[in-house]
Amino acid sequence: MAEKKIGASDYLALALYAFAGFGLEVLLSMVLPSILGVKSSEYTLLHQCIHWGITCLLWGSMAVFLIRLSKRKYDFDMMQLNAEPDAKGWLFAVVVSVIAIAATTIVWEGFKPVQEYKDAVRFVFQNIYYLFEAALILLTIAFGQKFGETLFKRGGLPYGGIFLALTWGLIHILLQGGATGVYAFFMSILYGTIYIMLKKNVRYSYLVIAVVFVL
């Protein structure tokens, strides 16, 4: 039997799986209130931290599963994308990051971490939650980028950011309205651009995207 050729549709599937990982929190939000015996609108700090903790566990498990699946089944080891960005790439990545943080500051009407801060425990748990969400964002971008490059046979464009915008960004438009959705759409393109500017180096890209996402 001839070995199945790996194509764009396979990387599209991986990108969609990564995007579907965000939905695990939605499922948790439907189940957890019944388990805790309290409505989500009445969550105490403890309840919210439990929600964040379980979500991180689900997202982390999904990320590890997809990284291993892409390496084993599709011969795409994203952890080996270790090209060193050049000075120009770092410069553009920093500029894009500053633009992204500025946009977030405008949307939040102040520096996001300061605007969100209520107490130390909530701050720590929420930002750990953000770090795991950033991991899924990066996976969606990485697989989306591989899909675009395989389909169009041309690199250099932020296919991953566009894919994230059309999925994660679009969902924000549908669930949270136009303003938030447009912001998420815009940020998705910027995240994808950072990934390209840093030569798809997963470690550097995650670090920068996570910092931008938290701030």
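See the structure above.
Overview of the structure. Bear in mind that the values here come from a model prediction, so they are computed numbers and not experimental data. (Residues numbered from 1 in each chain as written. Predicted model: local features only at pLDDT ≥ 70, side-chain atom pairs only at ≥ 80, totals over all residues. Heavy atoms only, no water.)

Regarding the nonpolar core
Item 1. Membership of the largest hydrophobic core comes to 49 residues, with the highest contact counts inside it found for Ile 137, Phe 143, Trp 168 and Tyr 191.
Item 2. For this core, the elements supplying multiple residues, two or more each, are α1 (8-36), α2 (45-74), α3 (87-107), α5 (120-152), α6 (159-176), α7 (178-197) and α8 (202-214).
Item 3. Among the elements that take part in this core, α5 stands out by supplying eleven residues, more than any other. (Core = buried A, V, L, I, M, F, W, Y, C linked by side-chain atoms within 4.5 Å. Buried < 20%, exposed > 50% of the residue type's maximum accessible area, 1.4 Å probe, protein only. Helix = DSSP H or I, 4+ residues; strand = E, 2+ residues; numbered from the N terminus.)

Some details on unusual backbone geometry
Item 1. Even without being glycine, Asp 75 reaches a positive phi, approximately 55°.
Item 2. Locating Asp 75 in the fold gives a position in the loop between α2 and α3.
Item 3. In this structure, Glu 109 takes a positive phi of about 55° despite not being glycine.
Item 4. For Glu 109, the position within the fold is in the loop between α3 and α4 (112-116).
Item 5. Among the residues examined, Glu 109 registers a relative accessible area of 71% and is labelled exposed.

Some thoughts on the environment of Ala 210
Item 1. Here Ala 210 shows up in helix α8.
Item 2. Look at Ala 210 and you get buried, because its relative accessible area is 5%.

A look at the packing of aromatic side chains
Item 1. Applying the stated criterion across every chain yields a total of 14 aromatic pairs.
Item 2. Ring plane angle 65° and centroid distance 6.0 Å describe the contact between Phe 76 and Phe 143, whose orientation is recorded as edge-to-face. Here Phe 143 lies in helix α5 and Phe 76 lies in the loop between α2 and α3, a separation of 67 residues in the sequence. Considered together, Phe 76 and Phe 143 belong to a single accessibility category, that of buried residues. (Phe/Tyr/Trp six-rings, centres within 6.5 Å; stacked < 30°, edge-to-face > 60°.)

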